[in-house]
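Per-entry structural report
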Amino acid sequence: SILLACNMDSSPKTRLLIDVGTNGEMALAAGGSITCLATAAGPAFEGAHISCGVGGVTGAVCKIDETGYQTIGGAPPVGLCGAGLLDAAALLLRRGILDETGRLSIDPAETIPGTGVRLTGGDIRELQLAKAAICAGAMRITELAGIAPEKIDDVLLAGGFGARLSPASAIEIGLLPAAFAGKCRGVGNTAGLGAAMAAASPSAMARLEALADACRYVELSGDAAFNERFMQHMTFEPQEE
């Protein structure tokens, strides 16, 4: 249904769709074919296994930079949601508190003074594994489709997390390849939109069925090239080809 809502069957552009979450589902549409895969990123982006992590609730810190922070609903901070987690790691990198290997010089490292919002070494490890899985999946799907990352026209980030995350922070910490800079945009809850479209229109339902038939799914569990990519993308730095 996400593919339907994002018109992955009709756009002339080369488009990569990423639903960033516990399972990082991806689809790359190019030249009339669609390649799909999924990575096991774990629940860090949804606040689980993060010491001050929360979901996308009121008061969740969703944006952090040198000037301050923002929370969902403008409420007092209650913890970090996924988007805030990326920004926090990027800020710690710029401050020299976090290095590219994932080591914190201060553990726990306070990211918003006076609020108790901080990251521990364990939090960084959870983020490191999750972001490596997403980046490795994004690089692997381009390889499988025979498309160089820089040739992708649009990178669509689906879901609530995708809509809120900062692409700049995602690239800075190596969650997304550097070649995606300037090409990323959030598309929101397209799964729900696509399902509604299919339910309301026989022609949309027919498109959905045709999309399913057109997709080539690649299983990554035994993919040696993906495993190699995963190890390469563990570092907290922009990831080049």
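Above this text is the structure in question.
Let us look at the structure shown here.

Sheets are built from strands that pair by backbone hydrogen bonding, the pairs being arranged parallel or antiparallel. Pairing is mixed across the open sheet formed by six strands, whose spatial order is β10-β9-β1-β2-β3-β11. The open sheet is flanked by β10 (184–188) and β11 (215–217), the only strands paired with a single partner. Strand-to-strand twist across the sheet, computed as the mean angle between neighbouring axes with direction ignored, equals 25 degrees. Of the pairings in the sheet, the one linking strand β1 (residues 15–19) to strand β2 (residues 23–30) comprises five bridges and is antiparallel in character. Paired with Leu 16 across the two strands is Leu 28, which belongs to β2. Packed on one face of the sheet, helix α3 (residues 121–145) meets β1, β2, β3 (33–40) and β11 and runs near 155 degrees to β3.

A few words now on the packing of helix α6 (residues 190–200) against helix α7 (residues 202–214). A pair of packed helices can be characterised by two numbers: the angle between their axes and the separation between those axes. Here α6 crosses α7 at 125 degrees, and the two axes come no closer than 5 Å. Comparing the axis directions of α6 and α7 gives the class oblique. Together, Met 197, Ala 198 and Ala 200 of α6 and Pro 202, Ala 204, Met 205, Arg 207 and Leu 208 of α7 make up the contact between the two elements. Classifying every residue of the contact of α6 with α7 gives seven nonpolar, no polar and one charged.

When you tally the buried positions in β1, you get four out of five residues, the bulk of the element. A loop of three residues connects β1 with β2, the two strands running antiparallel in sequence. When β1 meets strand β9 (residues 154–158), the two strands line up parallel, connected through five bridges. Bridging from a neighbouring strand, Ile 18 pairs with Leu 157 of β9.

What the three strands build is an open sheet, ordered β5-β4-β6; its pairing is mixed. Among the strands making up the open sheet, the edge pair consists of β5 (68–71) and β6 (79–80). In this structure, strand β4 (residues 60–65) lies alongside β6, joined through two bridges in parallel fashion. Counted as the bridge partner of Ala 60 is Gly 79 from β6.

Further remarks concern the nonpolar core. With 63 residues, the main nonpolar core has Ile 18, Phe 45, Leu 86, Ile 173 and Leu 176 as its most contacted residues. Among all residues touching Ile 18, those that are not within four sequence positions of it are Glu 25, Met 26, Ala 138, Val 155, Leu 156, Leu 157, Ala 158 and Leu 176. Ranked by size, the runner-up nonpolar core spans 15 residues in total, among them Leu 4, Leu 17, Ala 27 and Cys 36.

Reading the values: the criteria
- Residues numbered from 1 in each chain as written.
- Predicted model: local features only at pLDDT ≥ 70, side-chain atom pairs only at ≥ 80, totals over all residues.
- Heavy atoms only, no water.
- Pairing = 2+ DSSP bridges.
- Helix = DSSP H or I, 4+ residues; strand = E, 2+ residues; numbered from the N terminus.
- Axes fitted to C-alpha atoms, helices over the stretch in contact; angles between N-to-C directions.
- Contact = heavy atoms within 4.5 Å.
- Parallel < 35°, antiparallel > 145°, perpendicular 65-115°, else oblique.
- Nonpolar A, V, L, I, M, F, W, Y, C, P; charged D, E, K, R; others polar.
- Buried < 20%, exposed > 50% of the residue type's maximum accessible area, 1.4 Å probe, protein only.
- Core = buried A, V, L, I, M, F, W, Y, C linked by side-chain atoms within 4.5 Å.

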